[in-house]
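Structural features, examined
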Amino acid sequence: MRGNVRVSGAKNAVLPMLAAALLAEGDTVLHGVPALDDVFTMGEVLTGLGASVDFPGGGRAVVRAADLGWEADPRLVRRMRASFLVAGPILARTGRMRISMPGGCAIGSRPIDLHLKGLRSLGARVEQDRGCIELSLPGRSLTGALVYLDYPSVGATENLMAAACLARGETIIDNAASEPEVVDLAGFLTAMGGQIAGAGSKVIRIRGQAHLRGAQHTVIPDRIEAATFMAAAAATGGHLRLENVEMEHLQAVTAKLREAGVTVEPGSGGYAEVWAAGRLRAADIKTMPHPGFPTDMQPQLLAAMTVAQGTSVISETVFDNRFHHVDELRRMGACITVEGRCAVVRGVPQLSGAAVRATDLRAAAGLVLAGLAAAGETRVMDAHHLDRGYEDLVGKLRSVGADVTR
Ligand code: EPZ
């Protein structure tokens, strides 16, 4: 593959921002919003809560959260776990929240205990019945507190940071997630009038305000989409020039690609060039919370490693069940054994095309990459998973010479 690819705005930044827009009465306008299924689903969640949400085109989202309800549509929450990010904002705005348990998904059980523990610390009463959660505020509003997260959960950090913006007094979130999307959310909340310090570090301090106002904000580039294209170039020996890339957010991935023999040249003004001369070298990968190697790139890099020279040991420490793509890659001739949270990948000279089935968003991306590197034709079933997190992935790949059709 050869040519230029433009990276879209970050799905995992815009989803918490749409939820946090519920904190303000006025209009919020987000720019650089990707046209993704998950973005439109979050729009439906907000509309169901009484907000008005418009996607007028040009990468914009307009939200007006005037008079809000406090019951999220259970069907939507089941469809997309990130819907739970409205819990903190709605509780903070209305004093109540009724939402169904998000339930597990293809990559693991994905509990929300840390979200609930944090909201309790801020003064919420939490009741659960028949798979639903009722949040309420005995006091008039949330009260700032010290919250220690047993695990640096991205979603829990985002939910609590947003809720704390309308709490009385100061909230400290210790062992917070430091992902770039958390930092971008903090920037948006600050533009709304929030007082936040320490986003991007382990300790985030939030001083609550009586009201927040609608704001304008441009979403950061999607580091996982950018990394997916880097992995595609690596797996196929291609040469890509990526636009709209924040290399600061990609240090763990670029370090790993370089270890595997890929050249990554950051350009100025948000450009990066990536190319792989010969066959990749095997490299061990261990997914970790930021700034470690991102779990959302594990399926894609694992796919590239199936044809590397040597054996790669890939540990998935973030989710308890994120190797569904392995069975499908084996159908293409990959040589992989899985022991618990560890996959041992012995590189083979080439994969052979086969019919494979996608189980989730990033597994689908990994299978597309494997198909690009394989001999012959690969059919990826349930490719609709891609539309949750990639804006026209097939179109972008075709534009740089990939032989892929939908
Ligand atoms: C966010 O999910 C992302 N989604 C995920 O991206 C990403 O994989 C994940 O962070 C980790 O980086 C969005 O931002 C919308 P977590 P989130 O809470 O917030 C456990 C993609 O492909 N945990 O950091 O749900 C949990 O089970 C998606 O774009 C608890 O135990 O991730 C998991 O093992 C997939 N209790 C680990 O923490 C809790 O209350 C990380 O989860 C919350 C989480």
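Up top you'll find the structure we're talking about.
Residues numbered from 1 in each chain as written. Predicted model: local features only at pLDDT ≥ 70, side-chain atom pairs only at ≥ 80, totals over all residues. Heavy atoms only, no water.

**Here's the deal with empty space enclosed by the protein**
To find leftover empty space, one rolls a probe the size of a water molecule over the atoms. As enumerated under the stated definition, the model contains 1 cavity of 30 Å³ or more in all. In this structure, the largest cavity occupies an estimated 40 Å³ of space. For the largest cavity, the full set of lining residues is Ala 10, Lys 11, Asn 12, Glu 181, Asp 222, Arg 223, Ile 224 and Arg 362. Only helix H1 (11-20) and helix H8 (223-236) provide two or more residues apiece to the lining of the largest cavity. Residues of the lining of the largest cavity, tallied by class, amount to 2 nonpolar, 1 polar and 5 charged. Taken together, domain 1 (8-218) and domain 2 (223-399) each give at least three residues to the lining of the largest cavity, which thus spans both. (1 Å grid on protein atoms, 1.4 Å probe; cavity = no way out; pocket = protein on both sides within 12 Å on 5 of 7 lines; lining within 4 Å. Points joined across faces, edges and corners; volume = space filled by probe spheres on them. Helix = DSSP H or I, 4+ residues; strand = E, 2+ residues; numbered from the N terminus. Nonpolar A, V, L, I, M, F, W, Y, C, P; charged D, E, K, R; others polar. Domains from an automatic or database assignment.)

**Some remarks on unusual backbone geometry**
Following His 290, the chain continues to Pro 291 via a peptide bond in cis, the omega torsion being 10 degrees. Note on placement: Pro 291 falls in the loop between strand S16 (285-287) and helix H10 (298-305). Phi angles above zero are rare outside glycine, and Asn 244 is one such case at about 65 degrees. Here Asn 244 shows up in the loop between strand S13 (239-243) and helix H9 (251-259). We note that Asp 392 has phi near 55 degrees; this positive angle belongs to a residue other than glycine. Examined against the element boundaries, Asp 392 turns out to sit in the loop between helix H13 (386-389) and helix H14 (393-399).

**Focus on the sheet that holds strand S10 (residues 195-197)**
Spatially, 4 strands are ordered S8-S9-S11-S10 in an open sheet, and the strand pairing comes out mixed. Bordering the open sheet on either side are strand S8 (146-148) and S10, each of which pairs with just one other strand. If you compare each strand with its neighbour and ignore which way they point, the axes differ by 15 degrees on average. Bridge count between S10 and strand S11 (residues 203-207): 3 bridges; the pairing is antiparallel. Bridge pairing in S11 places Ile 196 opposite Ile 206. (Pairing = 2+ DSSP bridges. Axes fitted to C-alpha atoms, helices over the stretch in contact; angles between N-to-C directions.)

**Observations regarding the side chain of Lys 11**
Counting through the fold element by element, Lys 11 comes out in helix H1. Taking the relative accessible area as the measure of exposure, Lys 11 reaches 9% and is therefore buried. Look past the residues within four positions of Lys 11 in its chain and what remains in contact with it is Pro 34, Leu 36, Asp 38, Asp 222, Leu 361, Arg 362, Arg 388 and Gly 389. (Buried < 20%, exposed > 50% of the residue type's maximum accessible area, 1.4 Å probe, protein only. Contact = heavy atoms within 4.5 Å.)

**With respect to the layout of surface pockets**
As a volume, the second largest pocket reaches approximately 490 Å³. Together, 17 residues line the second largest pocket, and Thr 378, Arg 379, Val 380, Val 404 and Thr 405 are the ones closest to its centre. The set of elements that each furnish at least two residues to the lining of the second largest pocket consists of helix H12 (361-373) and strand S21 (379-381). The biggest single contributor to the lining of the second largest pocket is H12, with 4 residues.

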